[in-house]
Amino acid sequence: MNRRDISDDDTGPIRRVTDTPSDRPPGTSRSPRRTPPPEGTRRPRPPGQRPRSAEPGRRRAPEPKPEPKPEPEAQPVGHGHGHSHGHGPAAPASRRVRLLLMWLLIPLAVATVAGMILLYPWGKDPAKSVFPQGTPVSATVTATITGPCLAEGQVQVGAPPPDAKPCLTSEVTMTDGPGAGKPLKLTLPIEPSTPRFAAGDKVVLSYNGGDVANPASFQIVDFQRGTPLLLLAGLFALAVIVLGRWQGLAALIALGLSFLVLALFVLPSILAGESPLLVAIAGAGAIMFVALYLTHGLSARTSVAVLGTLVSLILIGVLSAIFSAAASLTGLDDSTSQLIGSLGHGIDARGLLLAGVVIGALGVLDDVTVTQTSAVWELRRANPSLGWRELYGAGLRIGRDHVGSAVNTLVMAYAGAALPVLLYTSLSGVGLGSILGAEDIAQEIVRTLAGSVGIVAAVPVTTVLAALIASREPQESL
C-alpha cells in the first residue's frame, strides 16, 4: 500500500517509500543489510586472521545479496506521489465539490450585488446637515492666557465674582483657508469638558463664512491628528506585511476595499433613507466575499468559511431583531438623536441599531469560520482516512477553545466602547436592574449577546460544513 506524501510549504515533501518496517537505527545509510549467519556455522575470523582473498585457489564465501527495493507503482500523470503540495499551487477541488459550492454561493453573490444596486441612492444628491457645520481651517496656537471671560475690547474692573468661571484666550495663526497667515484671538470658557490647548498645538478651526478679520467667524473645534494617525497606520501596515508577506498585503487591500464599501455604499444609502438593516446585510455580504476570497484565495475551504459566516450573520440578525423588539429598544441614543436632528428627516433608529450589530460581528465571525475550516482541512490532510464524523468531532474540540476567546473579545470590545455610558449610568445611584434596563445599556447587552450567540453557533455550523465537504475531497486536492 502506497501512502500519500506528507509535505510542508517550508520543508518540502517527506516521502514514505515502503510500508515494510525498517530495523535500521535512525541516521544510518541505505547500505545493503547483511544477514547474520545461520546457527551452527563458523563465524568469520577477525580481519587480522582472515586469509587474503587474493591467494590463488581460494574461493570467497558468497556475500548475501542486498534486499531489492520495491518498485514504485505506476501512477497516472498528474497524480504521482512524487509531486508534493509544497512545490506549486494546491490542486483544485473535485468537480462534485465545485458544483456543490457553486450552487450554494453563486445565488448568494448575485443577491448581494442585486441588493447593492437596488439600495444605492442613484441620482440623489448627497445628504447634508440642516445645521451649518462650518468649514475646517488649520491653525497653530502661538500663546495662551487664562483670565476672566471678557468680550473684545472689554476690561475687568475690580475683582471677579467668586463663582465666575475663567476663560482661556488663545492666540492662533491660520495656516490655510481664506485667512492664511493672519493671527486671531479666540476665547472659550474653561469647563471640565473643554480641551486644554497650549502654545505650539496644531488645532482645527471652524469658519462660518463671515468676516475673516472678525474672531466671531471662527471657533476652535479640535486638535489636528493627521500625522500621528498616519504614522500608526503605517506601523500597522508594516507589521502586517512583515508577518503575513503577500497574504498580509492581500489582507490590507481587502481592508481598504471594506472601508470603500462602508464609505461609498453603506453610509450614503442609509443617509438617503434606505432600510439600515437591508443596507447592512448587503454591505456585509460584499465585505465578506471580497475580504475572504482576496485574503485566503479562491478555494473550497474559503467557500466553506463564506457559507459559515453567512449562516451566522443571518442568525445574529434574526436574534437581534426579535430581542430588540421584545425589549422595546428604540435605538434613539444621544448620537442617533443628533444624527436625526442633523438630517432633518426621520430614520429607522432600531434598524440602525441592528445594522451596527451585523457589521460589528462580521470581523469576529470571519476569524472563527476561517480558523475552523483550516483546522478541518489540515486534520483531513494529516489523516485522509478520517470520515466526516471524526473530522467534525476533532474540529469541534478545536472550536471550543477558540470560541471562548472570540466571545470574550466581542464582549470586551463592546464594553470598552460603552464604557462612558456605563460610568454615566452608574452615577445615577439606582439599582443594578435599572442600570441594565436603561436604553443605552440594554442596546449594548442585545448587541453583545446576539453577536456572541452567532459566534458560538458559527463553530458547529462551519465545522460540519467543512467536515462534509473536506471528507469528499480527493487526497491530491487537500
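Placed above this text is the structure.
For the structure given in this document, a descriptive report is provided here.

**Thoughts on the overall build of the protein**
Phase 1: Counting its secondary structure elements, the protein contains 10 helices and 7 strands.
Phase 2: The buried share of the protein, taken over its 478 residues, is 31%.
Phase 3: Partitioning the intrachain contacts of the protein with sequence separation of at least 6 by distance along the chain shows that 70% fall at a separation of at least 24.
Phase 4: Carbon together with sulfur atoms contributes 63% to the accessible area of the protein, which is approximately 29,800 Å² in total.

**Concerning the pattern of salt bridges**
Phase 1: All chains considered together, the criterion is met by 4 salt bridges.
Phase 2: The salt bridge involving E171 is made with K185; its shortest N-O contact spans 3.8 Å. Of this pair, E171 sits in strand 4 (residues 167–174) while K185 sits in strand 5 (residues 183–189), placing them 14 residues apart in sequence.
Phase 3: One salt bridge in this structure joins E378 and R301, with 3.8 Å as the shortest N-O distance. Within this pair, whereas E378 is found in helix 6 (residues 349–382), its partner R301 is found in helix 4 (residues 300–326), the two being separated by 77 residues in sequence.
Phase 4: The partly exposed category is assigned to R301, whose relative accessible area is 25%.

**Digging into the nonpolar core**
Phase 1: M288, V306, W377 and I455 are the most contacted members of the largest nonpolar core, which totals 42 residues.
Phase 2: Listing elements by their share of this core, those giving two or more residues are helix 1 (95–119), helix 3 (276–296), helix 4, helix 6, helix 7 (388–417) and helix 10 (439–470).
Phase 3: In this structure M288 touches V306, T309, L310 and L362, once residues within four positions along its chain are discounted.
Phase 4: If you look at the next biggest cluster of nonpolar residues, it comprises 16 residues, including V137, V172, V203 and L205.

**Digging into unusual backbone geometry**
Phase 1: Phi is positive for R245, which is not a glycine, with a value near 55°.
Phase 2: With respect to the helices, strands and loops of the structure, R245 is situated in helix 2 (residues 226–271).

**A word on the sheet that holds strand 6 (residues 202–207)**
Phase 1: Strand order in the open sheet formed by 5 strands is 5-4-3-6-7, and the pairing between neighbours is antiparallel. Either end of the sheet is taken by a strand with one partner, and the two such strands are strand 5 and strand 7 (218–223). Direction aside, the axes of adjacent strands within the sheet are offset by 45° on average.
Phase 2: For strand 4 and strand 5, the ladder comprises 7 bridges, and the chain directions are antiparallel. Directly across from T173, in strand 5, lies its bridge partner P183.

**Regarding the environment of L329**
Phase 1: With respect to the helices and strands, L329 occurs in the loop between helix 4 and helix 5 (334–343).
Phase 2: Taking the C-alpha atoms as reference points, L329 and E439, separated by 110 residues in sequence, lie 6.6 Å from one another.

**Examining the packing of aromatic side chains**
The geometry of two aromatic rings is summed up by the distance between their centres and the angle between their planes.
Phase 1: Under the definition given, this model contains 4 aromatic pairs.
Phase 2: Relative to F223, the ring of F197 lies with its centre 4.9 Å away and its plane at 45°, an arrangement referred to as tilted. On the criterion of sequence distance, the pair formed by F197 in the loop between strand 5 and strand 6 and F223 in strand 7 is long-range, its members being 26 residues apart.

**Some points on the pairing of strand 4**
Phase 1: Examined bridge by bridge, strand 3 (residues 135–147) and strand 4 share 8 bridges and lie antiparallel to one another. Within strand 4, the position partnered with V141 by the bridge is V172.

**Here's the deal with the side chain of T448**
Phase 1: Here T448 shows up in helix 10.
Phase 2: A distance of 2.7 Å separates a polar side-chain atom of T448 from the backbone oxygen of E444.
Phase 3: Ignoring sequence-local partners within four residues, the contact set of T448 consists of L410, V411 and Y414.

**A short note on the packing of helix 4 against helix 6**
Phase 1: Between helix 4 and helix 6, the shortest axis-to-axis distance is 7 Å and the interhelical angle comes to 150°. Pair helix 4 / helix 6 crosses with right-handed handedness.
Phase 2: For the contact of helix 4 with helix 6, a count of residues per class yields 15 nonpolar, 9 polar and 4 charged.

**A word on helix 3**
Phase 1: For helix 3, with 21 residues, the first-to-last C-alpha span of 29 Å sits near the 30 Å given by 1.5 Å per residue.
Phase 2: By the criterion of burial, helix 3 is predominantly enclosed, with 15 of the 21 residues buried.
Phase 3: Positioned one or two residues after helix 3, G297 has a phi angle of 90°, which is positive.

Parameters and conventions
- Residues numbered from 1 in each chain as written.
- Predicted model: local features only at pLDDT ≥ 70, side-chain atom pairs only at ≥ 80, totals over all residues.
- Heavy atoms only, no water.
- Helix = DSSP H or I, 4+ residues; strand = E, 2+ residues; numbered from the N terminus.
- Buried < 20%, exposed > 50% of the residue type's maximum accessible area, 1.4 Å probe, protein only.
- Contact = heavy atoms within 4.5 Å.
- Areas by Shrake-Rupley, 256 points an atom, 1.4 Å probe, with all protein chains shown as cover.
- Salt bridge = Lys/Arg side-chain N within 4 Å of Asp/Glu carboxyl O.
- Core = buried A, V, L, I, M, F, W, Y, C linked by side-chain atoms within 4.5 Å.
- Pairing = 2+ DSSP bridges.
- Axes fitted to C-alpha atoms, helices over the stretch in contact; angles between N-to-C directions.
- Phe/Tyr/Trp six-rings, centres within 6.5 Å; stacked < 30°, edge-to-face > 60°.
- Polar contact = N/O pair within 3.5 Å; in protein donor to acceptor, adjacent residues only side chain to side chain.
- Left-handed = near helix turned anticlockwise from the far one by under 90°.
- Nonpolar A, V, L, I, M, F, W, Y, C, P; charged D, E, K, R; others polar.
- Expected span 1.5 Å × (residues − 1).

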